[in-house]
Structure formats: C-alpha cells, structure tokens
Amino acid sequence: MIGDAVHCAPAQTPASRSAPARPPVPPRLTPYGLRCEHRRTPLGVGEPRPLLSWRLASARAGDDPVAYELEVGDWSSGRVEDPAAIGAVYGGPPLLPRTRYGWRVTVWARDGAAGSAESWFETGQDVWQASWIAHDPAAVAHMDPPTEGEQALSHHGLLPCPQLRTSFESTAGVTRARLLISAKGLYEARVNGHRVGDAELAPGWTDYRRRIQYQVHDVTPFLLDGENVLAATVADGWWSGFTGFDPRRPGYHYGRFPELIAELHLTFDDGSTRVVATGEGWRTGHGRVRYGDLLKGECHDARAETPGWDLPGFDDSSWRPAVVTGDDHSLLVASRDEPVRALGELLPISTVLVRPGVHLVDFGQNIAGRVRLAVRDQEPGRRVTVRHGETLDGEDRLHTANLRTADATDVLITAGGVEEVFEPRFTYHGFRYAEVSGLDRLDDIRAVVLHSDTPWTGTFDCSDPEVNRLHDNIGWGQRGNFVSVPTDCPQRDERLGWLADAQVFLPTACFNADVSGFFSKWMRDVVDAQSPEGGFSNVAPLLSGVADEGAPGWADAGVLVPWHLYRVYGDDRFLDVDSMVRWVDFVARHNPDLIWRHRTGPHFADWLAPGPATPREVLATAFFHRSAALTAEAARVRGRHGEAERLGALADRVRAAFVEAFVGDGGLVEGDTQTGYLLALAFDLLTPEQSRGAAARLAALVEESGPQTGFLGVNLLCPVLSAHGRDDLAHALLRRTDPPSWLYQVRHGATTVWERWDGVGAPSMNSFNHYAFGSIGEWLYSGVAGIDQAPGSVAFREVVIRPLPGDLSRACARYESARGLISVSWHNDAEGFRLETRIPPGATATVHLPGGDIRRVTSGDHIFELVRGDKA
Ligand code: RAM
C-alpha cells in the first residue's frame, strides 16, 4: 500500500511579521500576496517608479492568466496582454511625497474571468528640513560621573546612550501622523511614552559614508490634544560602536558618537499640516542605558532611570540643549528592506544553579538575539550579569574563546522594587546558553530571536529525522545571520557581510524565505563598496580595516547574487549591468592572458577546505568566466546587446584559456580537486566529453574521501553530482555521518551549521553558526524534494519537478515562489512511487519521475503513481 501524501507542516517558528497568513486557495484565478518594491504595504517607498507585484492562485488546473491591469490612484496601465506577468512598474505621473496610494491588480484568465486584489503603499520623501542632533560627547564626562555599577565594569570607553526629547503643542483632530526617522548609530523612538514601531537595531547597517536608510512609522494613535513629546534614545551601533574584528573606535569605521534625525509630519482634519523636526530646542540627557554596544553588550543602571522622560510634563531643565551637528541630507535614502524584528521567543530547556548565585540556562537552540529576564524583590544596586555562549566548556561553563573580543555581556544594576524586566535594546548576541549571575532565583527568562524580517517561504520534511534537523539548522543559521546584512556569523567580533558566504548560501536562502527586499538593500551595499577601478569587495557594507579588494569567489558575488535574484524573483532591476561590467572589465584589464592571477585581493582560495588545495588560478579563472558569462546574460536581459556580445565573446575566450591552461586529457582539471571539478562543471567550462571525464573523476574523489570542498565548492557538490547522474552519491553525502559531513554535525548536537565541517579548529576561528556549509539546503528543495526551474526560466515560469528519492521513503516541500505556491509530496517504497504536486497559475512544469518517465503538465494539482513489483 502506498500511504497518503504527507503535507509539509508550516514553518516552525514565527519567522516574519510582514507575512500575511496564507489564504485558502480561491476557486478561480486570483492574485494574492501583493507587494510594492518587494514589501507588503511599505511606508516610505523611495523608488519613483515602484514595482508592484503579485502571486497567483486558483483551485482549477490550467487556470492561467492572459492579461493584467494595474491601477494606482487615478492611473491605470490599461489591459496588458502578458501571460507571464507577476508584476509591473508604476508608469503614472510622478508620485507625491508622504502620500498613500491604493492600488489594485486585475488578472484575466483564458476564459475571460477576472480576479483582482488590492493593497497600498506610502511614499517617502527626498527633501528634508530636520537637522542632525546629538548629545555633546565632550560634555558627557562632566555631566554623568560614572555610577558605582559602571566603575565596577570595564566598558571600553563606551558612553551612556543619549536620550533626546522635544515637546510641542498640538490640537485635536490629527488625522495622520508619520514619523520619518534615522540615526547615525541606532535609535529607538517614542511618542508620548509609546514605543514607535517594532524595528530593532534601526536604521540598520549601511556604509554610512555613502548611504543612510530612514524609516517611516505611523504614530497617528499616539498624538494628544495639548502637550506632546517626541523622544528617542540613540546608541553607537555599527556607526560608532565596536564593529567587526578591528577594535579601533570611535571614529575609525564611520563616526564618533550617535546622531539623530527625525521629522514628525502631522495632518489635521482641516487639511492643515505641521512638521516637528530635530534641530534647535531639543534637550538631551542620560537615563538607564549606561552603554549599548553590538559586540560588548549593554549595561542598564535602573537607578538612573528618568521616569516620564518621554511623556508630557517632564521637567527637562537640568538636561542640556542637544547639539546640532549638521544639515546634510544627501545620504538619506528610504529603506529598501524590512527591519530586524523580534520574531520569536524561546523558553529554557534547562536552568541549572552551577555556583552560588550563578545559573546556566540552555535555550536548546543557537540563535541571534538576546535574553529577557524578570528580576523580583531585589534590593537596589544589585548587579545582574548575563553572559552568552554558543557551547560549553565542560558541563557548567560557557565557552567564550570563540567570541574573541565580543564580550557579549549584558548588565543590569537593579533599582529595587517588586519587579524589573531587563532586556537590552541596542545589542545582540549569537548564543544558545546564557549564564546569569547575581540572582538567587531565576524563574522568568527567555531568549528573544532577532533577525531581518524576511517572510518564510519554504518548508521541507522527509523520512530521515536527521536530515530534517539539518534543514532546521540551516534555517536557524539563516535567521541568525540575516541581521540587517547577511553576515558570516552572529557571535564573535566579526559579523561582517562577507560576499562569498552570501553568494554560496543565496539559493538556499531564497527557498527558505522571501529575501528579495533584504538583498535589494544589500546589493546597494555591494555596489557602494565597489572601488573606483571597478573592483568589488570582500565585505559589504565596507568598513575600515578589512582588505577591500575582493578575492575570487568573494567579489564575484557582485555578479552572481543579482543574477540569482533576477532568476528567482523575476525583477530585472536587480541586474545593475553597469556595476557588473565594471567588475568584469577590471579583472580582464589586469589579466590580459585571461588567467586571473593579478589583483586577486587577499585570495582566500577555497576557504576552509579540508582536502587538498585547489590551485588558486583554477579557482579564480573559473569565477572570471562565470562573472563574464552571467554579465553577458544580464546585459542581454536589459537590452544592452553590444555589451552582451562583447562580454559573451570574452567569456568564450576565458573558457578557452581555462581549458588550455588547466584541463588535461579525459577532463582532468589541474589540481585534481573536488572544487576544481565542481566549478568547471557547474560553470560550463568543459566540452561534453571533458564533462563526462571530469564528472567521473569528481565522483571517484567523493567516493574516496567524502566532501573535501571549502566555501567555494560546497554549494555545488550535490547539485553537480545529481546533474551528472550520480544522485546516489549526492544522497550518500547527505546521509554520511563521519566527518567531514553535514550529519556529523547533527549527530554532535548542532542546532545551526558550523564554520568548519568537523567543528575542530583554532578556538578563535570556530563559529558554530556560519551558514556557508549550509548551502546544501538548496538541494534539499531542488534535489531531494524536487522543486526547481528550467535553465532559461525566470520566476518559476517553467517549473521542473524532479524528485530524487535515494533511499528515503518520503519527502515533501512547499515553496511560496514569486509566482505562487509550488509544492511536492512524494512516497517511495518497494510497491511504488506516488507524487503529488501543485504548480502555480501561469507556470507549466516538466515532471521527471523515477525511472526516466517525463511528463509535461499545466498549472494546478497533479498526482502521479508508479506501481512496482507484484502489482506492476
Ligand atoms: C572569515 C569569515 C568568512 C570568510 C572570510 C574569508 O573570517 O568568517 O566566513 O568569508 O573569513
């Protein structure tokens, strides 16, 4: 008997606030999941001609769209015959600033039936009137003698977090209030005592020397008749705090002290308007946050609390005037991404008193975030310390050697009283364990999960619980490392936007979550970091002290990432052809014989490969070819045919140079390493005959020693093996439990993916939450479950369903693609194979059944059964 199809469970943690609940499948063709610039109902859209997009659903098979109409305010696109469309760029008159636009999309099916859906967005502004303000840092020493608690702390020269406030009179009848706000540093804003918005670590990280994002918040419900207060606390953040591994600060990376800029726009019921802006007249003082730093941690002295400071009636006469630091608005841009948010909470799985007054708490999951705890009935002045670690030394001590100089220590000095709740606001840590000292009793503690809000789009489940745990670990690694920028790791003094890590993990990330907005912002960071000569960097945002000339496979992310985003989301504006061309021309200019030897930056080679080293020029030249070929494709898509031809020809010449220099008889690639073969095969550098030889040699190497790749080959291992007919080997790798392997980590208690295959390395270079090796996640969806798209397809218009069961008995995956839901659920046993799949409207699919049977299907639900054995 073949069992019923199993339906994948929804994602296990609330991974987004910006995602609506999935609607039931409508009986007829209907658009849903409407987005403006890849975000749901965004406030503060900066794009003059925003992209408006939608997904499609229908309960009827073959209920495909033929045309759409977009209406925005009074403008209409008219009926546009385009069966492929899932979005269009606004084409009406210039949009007004700070204005809400309702929009509607109508989609017609083949039989003339129409379905429509509505949404809205609000524009931001280009013209500002506010000034940047700050607490005068020179005055801090005089005004705030260190408290007792601070003296006991080593706080690395970090200063108290300034509170800034202004009050203003208003009348009743505010119909609309919008706060446009940003900071050099981090801000948390308040209106009449209410916390504004739910963004954490806002305004996020960019290279602040080039671009500073602002956010817009709806604060209409908070306005009062009479006196009102607009207030904010600011912290150093990435701007002037400890950032990355170079501890020089302040003033080394970006700035010296935090600054705030804000405009509160009020609209009254009589149509009049008023703006309250940062500038002269603001007051500033300090409160409970004695310092807040991303790496060192945060210290609150609850005795220094200034009750009511964010409410009307507070006497701020002892506060100082805020200093106006400038009027330059040229770097302010509207946010392109959803902010970091608190998107889940974990209760401890164990709390143990390990020494008097010291509790060790295990949250059971390695995350990025922070701890919130309640402190009851304490005398004033008690010091409660929370330290964080990913693993333990022995049974009862945090392992902190891998944090390097990130103290990851939060401190509360209690004020006394019935109950105090402590949660830091301007820091985050990578941890599974917390050590809390200073309390005899610990009964209310949780871990708050923070990450950039990227709506979760993928679920995967199969018959091997260890593979499922691996999939979960990959997802947790994604959450913990998508914190404003895609970071390498969330725990140590690094947390940088390394380009290769992002490049190899991106295809996995795109299945797990809708990362279009997140990467639309980060690609701006990547282009901001491009050198005047055209070189992409190693990290983005750029900061001082990190070699900025990009290495092969790192810098190439400037081409590989936008190309993949275009293919997944169908938005060709990801293809910034100018920046891509400048990159390829840069490499070509410095390497006239087309072997990439010069200007390779710090050439990280195949980073952390356990096996024999892949020759550097093999790696580099393979990436050179890949970047040239994809840039040619991108130019073609954007109608830049001259560039397309020129770079296509260059790519051909690089391929020829590669083969000439590095490929021997039978497809042997110089160095004879797994990554050498993987790159040559995946990047299409070989003739069919050479490919056969190379694939056979790759398979032999994998059989001999398991995975031997570092960061630059790991994402290709299983996809290339299965593309060359060795899904048996790909499965063997997936299920392998000896080191190096993915399940070795799972068997050894991993809850995220480790920096090193075996978790063994110099303590200072041994992160337990590094997603690069988690890039096998893509193949769980595209290989094991079998959801992929055809080579020339964009936004899953031509779906490929090709499950690779191996010896698993079942798997299922659901993927909310840019076009709509794609799902697969299959069972495999001695008696037969049964597959259920859903294809979204507007797509067709090729279904590859085990045994070689290939079927073409329309959109809709389909079931296939292969009966084996006696029943055949
Ligand atoms: C390490 C980072 C990152 C890697 C670079 C080369 O320090 O952790 O993962 O891309 O170096």
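Fair warning: this is a prediction, and the values are worked out from it, not measured in the lab.

Along its sequence, the chain is carved into domain 1 (139-337), domain 2 (342-452) and domain 3 (810-867). A separation of 52 Å is found between the C-alpha centroids of domain 1 and domain 3.

The buried fraction of strand β14 (residues 212-218) amounts to 6 of the 7 residues, a majority that puts the element mostly inside the structure. In this sheet, β14 lies alongside strand β11 (residues 174-184) in antiparallel orientation, the contact comprising 4 bridges. Residue R178 lies in a different strand from β14, and its bridge partner there is D218.

A few words now on the UniProt feature "domain: Alpha-L-rhamnosidase six-hairpin glycosidase" (unreviewed entry) in the chain. Mapped onto the present numbering, the UniProt feature "domain: Alpha-L-rhamnosidase six-hairpin glycosidase" (unreviewed entry) falls on residues 457-784. The distance from the first to the last C-alpha atom of residues 457-784 is 17 Å, and the span holds 54% helix and 3% strand.

Take the packing of helix α4 (residues 465-481) against helix α17 (residues 777-785) next. The contact between α4 and α17 brings their axes to 9 Å, and the two run at 130°. With respect to α17, the element α4 is oriented oblique. Side by side, α4 and α17 meet where V467, H471 and I474 of the first sit next to G777, L780 and Y781 of the second. Of the residues that constitute the contact of α4 with α17, the class distribution is 4 nonpolar, 2 polar and no charged.

Close to the ligand lie D488, R492, E494, W498, D501, W554, F604, W607, F711, E755, M765 and H770. R492 is positioned with one of its side-chain polar atoms (N or O) 2.8 Å from an oxygen atom of the ligand. One of the side-chain N or O atoms of W554 is found 3.1 Å from an oxygen atom in the ligand. For the ligand, the protein covers 96% of the area, taking 290 Å² as the surface of the free molecule. The residue makeup of the shell around the ligand, split by class, is 6 nonpolar, 1 polar and 5 charged.

So, about the sheet that holds strand β1 (residues 30-36). Within a sheet, each strand pairs with its neighbour through backbone hydrogen bonds, oriented either parallel or antiparallel. The sheet built from 3 strands is open, its strands ordered β1-β2-β6 with antiparallel pairing. Edge strands, defined here as strands with exactly one partner in the open sheet, are β1 and β6 (87-89). For this sheet the average axis-to-axis angle between neighbouring strands, irrespective of direction, equals 20°. Two strands pair when backbone bridges link them, and strand β2 (residues 51-57) and β6 are joined in this way by 3 bridges, in the antiparallel orientation.

The next subject is unusual backbone geometry. Cis geometry marks the peptide bond from A540 to P541, where omega comes out at 0°. Within the secondary structure, P541 sits in the loop between α6 (516-528) and α7 (557-569). Of note in this structure, H38 is not a glycine but carries a positive phi near 65°. Along the chain, H38 turns up in the loop between β1 and β2.

Right, let's get into the sheet that holds strand β15 (residues 226-235). Spatial strand order, β13-β12-β15-β10-β18-β21: 6 strands in an open sheet with antiparallel pairing. With one partner strand each, in any of the chains shown, β13 (194-195) and β21 (320-321) form the two edges of the open sheet. Strand direction decides the pairing type here: strand β18 (residues 283-286) and β21, joined by 2 bridges, are antiparallel. Counterpart to T284 in the pairing with β21 is R320.

Here we come to the UniProt feature "domain: Alpha-L-rhamnosidase concanavalin-like" (unreviewed entry) in the chain. Mapped onto the present numbering, the UniProt feature "domain: Alpha-L-rhamnosidase concanavalin-like" (unreviewed entry) falls on residues 354-451. Taken end to end, residues 354-451 comprises 0% helix and 64% strand; its first and last C-alpha atoms sit 31 Å apart.

Attention shifts here to the packing of helix α5 (residues 499-512) against α17. Packed helices, taken two at a time, are described by their axes: the angle between them and the distance between them. Packing of α5 against α17 brings their axes to within 7 Å, and their N-to-C directions diverge by 65°. The two elements α5 and α17 cross, and the hand of that crossing is left-handed. Of the residues in α17, those touching α5 at P507, T508, F511 and N512 are G777, E778, Y781 and S782. Across the contact of α5 with α17, the residue classes tally to 3 nonpolar, 4 polar and 1 charged.

Moving on: the side chain of T278. Looking at the element boundaries, T278 is found in the loop between β17 (273-277) and β18. Of the polar contacts made by the side chain of T278, one reaches the backbone oxygen of S131; its length is 2.7 Å.

A separate point is the confidence of the model for the chain. Low pLDDT means the predicted atomic positions in that stretch should not be read closely. When the pLDDT values of the chain are averaged, the result is 95; 95% of them are 70 or greater. A low-confidence stretch, residues 10-14 (pLDDT under 50), is modelled with 8 contacts involving residues beyond four sequence positions or located in other chains. Taken together, the stretch residues 141-145 has pLDDT below 50 and engages in 6 contacts with residues farther than four places along the chain or on a different chain.

This paragraph deals with the environment of S825. Mapping S825 onto the fold places it in strand β40 (residues 821-829). In this structure S825 comes out as buried when scored by relative accessible area, which is 7%. Taking the C-alpha atoms as reference points, S825 and A813, 12 residues apart in sequence, are found 6.5 Å from one another.

Attention now moves to the pattern of salt bridges. Considering all chains together, one arrives at 75 salt bridges under this definition. Where E494 meets R404, a salt bridge forms, and the shortest distance between an N and an O atom there is 2.9 Å. Placement of E494 in the loop between β36 (485-486) and α5 and of R404 in the loop between β29 (397-399) and β30 (409-413) is noted, with a sequence separation of 90 residues between them. A relative accessible area of 6% places E494 in the buried class. A cluster of three or more residues bridged by salt bridges with shared partners is formed by R195, E200, E345, R370, R372, E423 and R446.

Thresholds, definitions, all that
Numbers given for residues are sequential positions, taken from 1 along each chain in its written order. Given that this is a predicted model, residues contribute local features only at a pLDDT of at least 70 and side-chain atom pairs are listed and counted only at 80 or more, while totals for whole chains, interfaces and linings are drawn from all residues. The side-chain quantities take in all heavy atoms of the structure and omit both hydrogens and water. Source of the domain bounds: an automatic or database domain assignment. Burial status follows relative accessibility: with a 1.4 Å probe on protein chains alone, a residue under 20% of its type maximum counts as buried, one over 50% as exposed, and anything between as partly exposed. Helix and strand definitions here come from DSSP, where helices need a minimum of 4 consecutive H or I residues and strands a minimum of 2 consecutive E residues; each element is numbered from the N-terminal end. When DSSP finds two or more bridges between a pair of strands, those strands are recorded as paired. UniProt positions are given in the numbering used here, feature names are shortened, and annotations may be inferred rather than shown by experiment. Only the stretch in contact is used when fitting a helix axis, every axis being a line fitted to C-alpha atoms; angles between N-to-C directions are given from 0 to 180 degrees. Oblique is the label for any angle not covered by the other classes, which are roughly parallel (under 35 degrees), roughly antiparallel (over 145) and roughly perpendicular (65 to 115). In what follows, residue pairs with any heavy atoms lying within 4.5 Å of each other are defined as contacts. Residues are sorted three ways: Asp, Glu, Lys and Arg are charged, Ala, Val, Leu, Ile, Met, Phe, Trp, Tyr, Cys and Pro are nonpolar, and all the rest, Gly among them, are polar. Here, proximity means that at least one heavy atom of the residue falls within 4 Å of the molecule or strand. Two N or O atoms count as a polar contact when they lie within 3.5 Å, although within protein this holds only if one can serve as hydrogen donor and the other as acceptor, and sequence-adjacent residues are included solely when both atoms are side-chain atoms. Accessible surface area values rest on a Shrake-Rupley calculation with a 1.4 Å probe, where residue burial reflects the displayed protein chains alone. Crossing handedness is read from the near helix: turned anticlockwise from the far helix by less than a right angle, it gives a left-handed crossing, and turned clockwise, a right-handed one. Each residue carries a pLDDT score, the predictor's confidence in it, ranging from 0 to 100. We count a salt bridge whenever a side-chain nitrogen from Lys or Arg sits within 4 Å of a carboxyl oxygen from Asp or Glu.

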